[in-house]
Amino acid sequence: MKGQELRKGWTDFWTARDHTPVPSAGLIPLHPSAPMFTNSGMMPFVPYFIGEEQVPWRPPRASSVQRCVRAGGKHNDLDAIGRSPRHLSFFEMLGNFSFGDYFKPDAIRWAWEFSTEVLGLDGERIWVTCHVDDDEAVALWVDEIGFPRERIQLLDKDNFWEMGDTGPCGPSSELFWDFGADWGPDGGPANPAAENRYVEYWNLVFQQYFRQPDGSLEPLRSKNIDTGAGLERMLGVTIGSADVFATDELRELVAAAETATKVKLGDGAESDVALKLLADHARTMTFLVNDGVVPSNEERGYVLRRIIRRAIRFAYLLGVEDPITPVLAQRTIDLMGDAYPEVVGNAAGIVDILGREEAGFRRTLKGGLVILDNALTSVQEGGELPGTVAFQLHDTHGFPLEVTREIVEGRGFGVDQAGFDAAMATQKQQSAAKAKKGSIAVGDEAEAFQAVLDQHGTTDFVGREEFDTEATVLAVVPGVDDLVSVFLDRSPFYAESGGQVGDTGTIGGPQGGGDVIDTQQALPGLHRHILRLTAGTIEVGEVVTAAIDTERRDAIRRNHTGTHLLHYALREVLGGHVKQQGSYVGPDRLRFDFSHYEPVSSEQIARIEDLVNADVLANTPVRHFETTKAEAVELGAIAFFGEKYGDIVRVLEAGPHSTELCGGTHVRRTGDIGPMKIVSESSIGSNLRRLEAISGTGPITRIRREEAELAAVADRIGVPQAELLDGIDKRLAELRDLRAEVKSLRSKLASGGASDLAGQAVDGIVVARVDGLVRDDLRSLGVAVRDQPGVRAVVLIGAPEGGGVALVSAAAKDSGLDAGGLIADAARAVGGGGGKNPDLAVAGGRDPSRIDEALDLARVAAGIS
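The model shown is predicted, which means the values in this text are computed figures rather than measured ones. (Residues numbered from 1 in each chain as written. Predicted model: local features only at pLDDT ≥ 70, side-chain atom pairs only at ≥ 80, totals over all residues. Heavy atoms only, no water.)

### A closer look at the overall build of the chain
For clarity, the threshold we go by: Comment: elements are numbered from the N terminus, with helices defined as DSSP H or I runs of at least four residues and strands as E runs of at least two. When a residue's accessible area, from a 1.4 Å probe over protein chains only, is under 20% of the maximum for its type it is buried; when over 50% it is exposed; and in between it is partly exposed. Residues count as neighbours in contact if any of their non-hydrogen atoms are within 4.5 Å of one another. Using a 1.4 Å probe, the Shrake-Rupley method yields the accessible areas, and only the shown protein chains count as cover for residues.
From N to C terminus, the chain includes 23 helices and 31 strands. In terms of its C-alpha atoms, the chain occupies a principal-axis envelope of roughly 100 × 85 × 70 Å. Across the 865 residues that make up the chain, the buried fraction comes to 50%. Residue pairs at least 24 apart in sequence account for 67% of intrachain contacts in the chain once pairs closer than 6 positions are excluded. Carbon and sulfur atoms make up 49% of the accessible area of the chain, which totals about 39,400 Å².

Dropping the structure here:
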């Protein structure tokens, strides 16, 4: 089978058995308990399995083909990729799910039917494992399916699935395919030495218990089915190969890597690893970027950056100098675009992000490798790269330690980890010492901030009650130009977090002061006031007055509370699946990113605006208070994406409909928000949308600007503003008539000049330069010249209005000449290409300075030079 065949076969099989096909969710999971990436087929269904949400399908059954990534954390297969025949960082998980509906008998029977009837597998080569205590499953396989008991093996931990320390769990039954003696010893799946021979291709999980906090198991009243079948492994079974890189789509990506590297699979063990790694990483980086992850030095972005850099490094070591990640991404999109159309729509952005990241890392890689090569010349064979060199590469050149390690280990060396750690510790000690002396270098800011936190603790934020206050200066850290970072014992300035920008304002003391241009969290709870000094100095220990820009704060508060009303309205109009995925709250606008699978229509936007503004007009109180996280959950508070919460949290009740966790600053009544207007809606990735909106005086300012623009348009058209649409329609009709008249006049002019050009014919062939005509008019002139008596063919080349080059060639049918051939070389000369029609060819180019050269080439092609 091929990948797309299996995807369709899987969906069709379960649809026929009353399962609702659910599209793949993105790789960024939404549930608070989820890991960094979606790494299993069941992850999007967690809210239904644990009872947080009602199952929306009737009957309560679903199937899916879910894209997954395992990279980072405990599910990290990166080091095995390319070396193992079955490990991947990106894979697709086929799943069928029952939420309190059917259970073991149907799950086992249908798994057998799909394996033997749809896939057409030989049942004699299938093995099964069950949990040691699951006699029911064993009996179903033997008595209902007729499966041989001798090919059923009982295992303990390997056949018991748990969601976590507490929660739904249960035994599982796994199906394995025996690839034969060429792939390892016998003994069945229970033999650890035979893992490459007996490959698990389907896992049936029977959720029948609930693990209590004390470790005991309680039977579930509603039992569930959660199965997972790796698409790539299942494809391998159908083609008789335990190597997933032999399956059709991965094989094509290996071929793309071969083309890009000019290295063939089989040329060597290490180059084989590189080619397979490139094929795997091509899919991982393409889909991570598609789903909204961007390369960075934090969390998901860091994992993506590492994957991209590993691919680049392996390609670099194979001698590839040209960018390779955009090429591999485009091939991935070509291969998988039918299954995942969203990557086609996002192709340009994916290729651009990867290309930029690769360009930057290649510069880092080039400089770092020079240092690395020089250092390794003095290391004995099998020895270790000095830790000081590894630290220099990391600290000065941005060369990740893991990249250094992979490179040197690939050459038979090691890395002095202890030396690296010692160099890192020394740098931190030196930075801390400088901080105590008050002499802090710009590059040591992080260490200085940590020293402030260690010595003084967190900042007392008083900005919910006070907009200006007296405070003591704890530390002043020099920055670039005339900027300094000021740390106070208490502050009214909100530090940027939760999507809300930091406050601005002023800090002034007895010896000077300046403007606070931003407030950030240097470390959790430690407010960093970035100050531009305007007079004198700010000294440690002095008492200063810290005052925020209140008008700016008010605008930010309006937008922030408005964001919460917007979230409520989105869920009300679009559905409960909408979850906040990121936000920006500033004084001028708000941005809200959320999970949704299609564009929001103009009608839906109007309904969302109406709901928000109805709550604004109701002018109900806004309650913002601290409570325990448990109590907040009982109140139904929704947590915002990307935020980490402690045991004590702040809850925002914005009117009667919105209750969410939020530590930002907010208005006191919904009416304080003012009118809200959504100004844009767009896609930022698979199943991720973005709204931008304005509130308060923003909509009024926008209305005034648009009214002024409409008045200006009406004035220019010469109609009253109330008649603007009719006036525009009238002017457009007049414009169409004038264009038609111009076209007619140009055609007549061209026909009038045709006889003059025909008089320049040499052996019945006209080659001439005609500037100033657009391509269509030049084409009409060419046809008119060709139709003149005695003309066999014509080539016209010129610089049209608007730039570039236009070329036209026309040949009489009985001339024996090829119009396309007459201008082929000429078109290339001006940096273009185009028409190959033998009777009438039209082409374009970019370089008008070479038109005369192109005319000479046309004469040569016509034989009249």
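Resuming the write-up.
### Remarks on the sheet that holds strand β14 (residues 483-488)
Sheets are built from strands that pair by backbone hydrogen bonding, the pairs being arranged parallel or antiparallel. What counts here: In this description, strands pair whenever DSSP reports at least two bridges between them. Axis angles are defined between N-to-C directions and span 0 to 180 degrees, where every axis is a line fitted to C-alpha atoms and, for a helix, only to the segment in contact.
One closed barrel holds the 6 strands; their spatial order is β13-β14-β18-β17-β16-β19, and the pairing between them is antiparallel. Within this sheet the neighbouring strands show an average axis-to-axis angle of 45 degrees, counted without direction. The sheet contact formed by strand β13 (residues 468-478) and β14 spans 5 bridges and is antiparallel. Residue pairing across strands places A475 opposite F487, the latter belonging to β14. Packed on one face of the sheet, helix α15 (residues 445-456) meets β13, β14, β17 (512-523) and β18 (526-536) and runs near 135 degrees to β13.

### Some points on the packing of aromatic side chains
Working definition: an aromatic ring pair is given by the centre-to-centre distance plus the angle between the planes. To be explicit about the condition: Two aromatic rings, drawn from Phe, Tyr or Trp (for Trp, its six-membered ring), form a pair once their centres lie within 6.5 Å of each other, and the interplanar angle then sorts them: stacked below 30 degrees, edge-to-face above 60, tilted otherwise.
A full pass over the atoms with the stated rule returns 29 aromatic pairs. Aromatic side chains F103 and F206 sit 6.1 Å apart centroid to centroid with 65 degrees between the ring planes, which places their arrangement in the edge-to-face category. One end of the pair, F103, is in the loop between β3 (90-99) and α3 (104-118); the other, F206, is in strand β8 (residues 198-211), with 103 residues separating them in the sequence. According to the relative accessible area criterion, F103 is buried, its value standing at 14%. Note on F206: relative accessible area 0%, which makes it buried. With a centroid separation of 5.6 Å and 85 degrees between ring planes, the pair formed by W112 and F147 is classed as edge-to-face. Taken as a pair, W112 in helix α3 and F147 in the loop between α4 (135-145) and β5 (152-155) lie far apart in primary sequence, 35 residues in all. Taking relative accessible area as the criterion, W112 reaches 18% and is therefore assigned buried.

### Some thoughts on the side chain of S485
Mapped onto the elements, S485 comes out in strand β14. You can call S485 buried: its relative accessible area is 2%. If we ignore the near neighbours within four places in the chain, the residues touching S485 are F449, A475, V476, V477, R528 and H529.

### Some thoughts on the packing of helix α9 (residues 325-336) against helix α11 (residues 347-376)
Our working rule: Note on terminology: angles under 35 degrees are roughly parallel, angles over 145 are roughly antiparallel, angles of 65 to 115 are roughly perpendicular, and the others are oblique. For a crossing to be left-handed, the near helix must be turned anticlockwise from the far one by less than a right angle; the clockwise case is right-handed. Residue polarity follows a fixed list, in which Ala, Val, Leu, Ile, Met, Phe, Trp, Tyr, Cys and Pro are nonpolar, Asp, Glu, Lys and Arg are charged, and the others, Gly among them, are polar.
Packing of α9 against α11 brings their axes to within 8 Å, and their N-to-C directions diverge by 155 degrees. In this view, α9 runs roughly antiparallel relative to α11, as classed from their interaxial angle. Handedness of the α9/α11 crossing: right-handed. Where α9 approaches α11, its residues T325, P326, A329, Q330 and I333 are matched on the opposing element by A347, I350, V351, L354, G355 and E358. Counted by class, the contact of α9 with α11 contains 7 nonpolar, 3 polar and 1 charged residues.

### Re a negative patch on the surface
The criterion, for reference: Only residues whose relative accessible area exceeds 30% and that form no salt bridge enter a patch; like-charged residues are grouped when within 9 Å of one another, and nonpolar side chains (Val, Leu, Ile, Met, Phe, Trp, Tyr) when within 5 Å. Definition used for salt bridges: Asp or Glu carboxyl oxygen within 4 Å of a side-chain nitrogen of Lys or Arg. By the counting rule applied here, Lys and Arg register as positive and Asp and Glu as negative, while His and the ends of each chain are not counted. The atoms used to mark charge sites are NZ of Lys, CZ of Arg, CG of Asp and CD of Glu.
On the surface, D133, D135, D156 and D158 cluster together into a patch of negative charge. Along the chain, the position of D158 falls in the loop between β5 and β6 (160-162). Accessibility expressed as a relative area gives 58% for D158, which makes it exposed.

### A closer look at the nonpolar core
For the record, the criterion: For the purposes of this section, nonpolar cores are sets of buried Ala, Val, Leu, Ile, Met, Phe, Trp, Tyr and Cys residues that join through side-chain atoms within 4.5 Å.
With 108 residues, the main nonpolar core has W10, W141, Y201, W202 and M234 as its most contacted residues. For this core, the leading source of residues is α11, giving 9 residues. Of all hydrophobic cores here, the second largest spans 25 residues; its members include V573, V578, L590 and I673.

### Observations regarding the environment of A858
If you trace the backbone, A858 turns up in helix α23 (residues 851-862). A858 gets classed as buried once you look at its relative accessible area, which sits at 0%. Remark: the alpha-carbon pair of A858 and A181, spanning 677 residues in sequence, is separated by 68 Å. Beyond its immediate stretch of four places on either side in the chain, A858 contacts V767, V795 and L822.

### Brief notes about the pairing of strand β9 (residues 217-230)
Where β3 lies against β9, 5 bridges are found, and the strand directions are antiparallel. In the sheet register, S98 faces β9, and the bridge partner there is I225. Of the pairings in the sheet, the one linking β8 to β9 comprises 8 bridges and is antiparallel in character. Bridging from a neighbouring strand, Q207 pairs with N224 of β9. In textbook terms, the turn of a hairpin is the stretch between consecutive antiparallel strands, and for β8 and β9 this stretch comprises 5 residues, one of which, G215, has a positive phi near 95 degrees.

### Concerning the packing of helix α6 (residues 248-261) against helix α7 (residues 269-290)
Orientation of α6 relative to α7, taken along the N-to-C sense of each, is 115 degrees, at an axis distance of 8 Å. As α6 packs across α7, the resulting crossing turns out to be right-handed. Side by side, α6 and α7 meet where E249, L250, L253, V254, A257, E258 and T261 of the first sit next to L275, K276, L278, A279, A282 and R283 of the second. Residue composition of the contact of α6 with α7, grouped by class: 8 nonpolar, 1 polar and 4 charged.

### Observations concerning the sheet that holds strand β24 (residues 658-661)
Read across the sheet, 3 strands follow the order β22-β23-β24 without closing on themselves; strand pairing throughout is antiparallel. Looking at which strands have only one partner, the edges of the open sheet turn out to be β22 (622-628) and β24. Averaged over all pairs of adjacent strands, the angle between their axes in this sheet comes to 20 degrees, without regard to strand direction. Of the pairings in the sheet, the one linking β22 to strand β23 (residues 648-654) comprises 7 bridges and is antiparallel in character. Residue pairing across strands places T627 opposite V649, the latter belonging to β23. Where helix α16 (residues 550-574) meets the sheet, its contacts fall on β22, β23 and β24, and the angle it forms with β24 comes to roughly 115 degrees.

All quantities given are derived from atomic positions and should not be read as evidence of function.
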